Amino acid sequence: MRLGDDFPLHSYATEHDFIAALKSALQSLAFNTTTTNSNPHVLSKSKSKSKSKKRSDPHHNSDENDPCGHPEIQDNKCINCKKKLLDDNFGVSFSYVRKGLRFSHKEIARLRDLQSHEKLKYKKLVLVLDLDQTLIHVTTSSKTKQSQTSSSGNDHFTLNSLQKTVKLRPFARPFLKEASTMFEFYIYTTADKAYALEMTRLLDPENVYFGTRIISRDDSPRSDQKSLDLVLAPERMVLVLDDTEDVWLNHRPNLVSIERYTYFGSNSTTDESETKGALVKSLRVLKLVHGLFFHKKLEVGFVQRDVRVILRMLRGEVLKGCNVFISNLDSRVCVMAEELGAMRAMELEESVTHVVSLVVGSEECMWAEREKRFLVHPRWVEAAYYLFERMPEQDFPISLKKFR
């Protein structure tokens, strides 16, 4: 992998400099597991908080005075000692593996450690995949577009049992095939179990990629949130690909956002590109993170390597050197721009390179045109965030002509 050829390094003269900076970041910083949702990218040099949290957890090591310890519970009965447990909150439910299965916190830690060693042996990380509008688009309408072109003949399905029509996102199956050489997959959806199993079957008819690693809302403690607590791998080795950021409030540093896929009901008469679409772009980012995690010149122990640090550093290079003035927009666009490495101007000044606005004809728009600065739609920032790439400004224009 040659990073400089495939990704802009605005802050570093060479790939070697980037690797050195990454090494320094991994050595000096560890993620604080008590980070608040409002600032999910905060890093801490101390691990003491996470340790104290474990000691204060009422379920953590709750069985330490019991000779058995009950590492694995099936239908409220310990698999080892056969003791019946009355505490329904014991450990964590892993019903997606087997109905009624629960692991103690100590057993989860042991399994994650075991899994991490196994994956490192084969140079694999973990990728958690969303279904709807990430890999597929589904409609319940009987009216589907006849004129819209599909990329192939085996990506469009009508499921009478669920009364749904399903379209696989272009490049979905090649994406799974190529990414499977670098990642172990999980499906994680807020839909119910029957739906999750059926959609996964369409994506993976031979059951090559997912096995039992299909998590639905029936398996999750909250139907409106997703959690890596249910993934049997250390968070530092887990990436998430999802079109919805809000369901990952506690795990945003692991998230690679992807633009929502809409096939049914859209105005376009052509489908997303098979060769230049969102999954192709996302695969490029996943390859970069995987390549950096296992980079032979990183010279950092695998225990210290963390995909969250790598993602943060890669994302921070995309708009490096841009000084943006963002007009009357929600905080999400502002946060995106800052995470992408852009400086954010609080007023119109000489150093401003871009004006981002929806308010056509506003003072800042007129200033941008007069001073010959880039004037772009907020979608320019969003596209850079999804694709990890600075897109051509002329593709995201705001027209001032009708205001003259």
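It should be emphasised that the depicted structure is a prediction, and the values quoted were computed from it without experimental measurement.

Some thoughts on the overall build of the protein chain
In terms of regular secondary structure, the protein chain is built from 11 helices and 18 strands. Residue burial in the protein chain is summarised as follows: out of 404 residues, 50% are buried. Long-range contacts, defined here as pairs at least 24 residues apart, represent 65% of the contacts in the protein chain between residues at least 6 apart. Accessible surface computed for the protein chain: about 20300 Å², of which carbon and sulfur atoms make up 49%.

Regarding the sheet that holds strand β7 (residues 125–129)
The parallel open sheet is built from five strands, whose spatial order is β12-β11-β7-β13-β14. The open sheet is flanked by β12 (214–215) and β14 (255–257), the only strands paired with a single partner. One ladder, built from two bridges, connects strand β11 (residues 183–188) with β12; its direction is parallel. Residue pairing for β12: Y188 is matched across the bridge by I215. In this fold helix α7 (residues 278–293) packs onto β7, β11, β13 (238–242) and β14, with an angle of close to 170° to the strand it touches most, β13. Strands in contact with helix α8 (residues 307–315) are β7, β13 and β14; relative to β14, the strand with the most contacts, it is inclined by about 35°.

What to know about the packing of aromatic side chains
For any pair of aromatic rings, the description rests on two quantities: the centre-to-centre distance and the angle between the ring planes. Taken as a whole and assessed by the stated rule, the structure comprises 11 aromatic pairs. Between F94 and F103, the aromatic rings sit 5.2 Å apart at their centres with planes inclined by 50°, giving tilted as the arrangement. We note that F94, like F103, is buried. Three or more aromatic residues joined by ring pairs make a cluster, and in this case those are F94, Y96, F103 and Y186. Residue placement shows K167 over the ring face of Y263; its charged tip is 5.1 Å from the ring centre. Taking the ring centre of F302 as reference, the NZ or CZ of R305 above it sits at 4.3 Å.

As for unusual backbone geometry
Not every positive phi belongs to a glycine, and Q133 is a case in point at roughly 65°. As for its placement among the helices and strands, Q133 is situated in the loop between β7 and β8 (136–139). A positive phi angle, close to 55°, is found at E299, a residue other than glycine. Here E299 falls in the exposed class, since its relative accessible area comes to 58%.

About the thresholds
Residues numbered from 1 in each chain as written. Predicted model: local features only at pLDDT ≥ 70, side-chain atom pairs only at ≥ 80, totals over all residues. Heavy atoms only, no water. Helix = DSSP H or I, 4+ residues; strand = E, 2+ residues; numbered from the N terminus. Buried < 20%, exposed > 50% of the residue type's maximum accessible area, 1.4 Å probe, protein only. Contact = heavy atoms within 4.5 Å. Areas by Shrake-Rupley, 256 points an atom, 1.4 Å probe, with all protein chains shown as cover. Pairing = 2+ DSSP bridges. Axes fitted to C-alpha atoms, helices over the stretch in contact; angles between N-to-C directions. Phe/Tyr/Trp six-rings, centres within 6.5 Å; stacked < 30°, edge-to-face > 60°. Lys NZ or Arg CZ within 6 Å of the ring centre and 35° of its normal.

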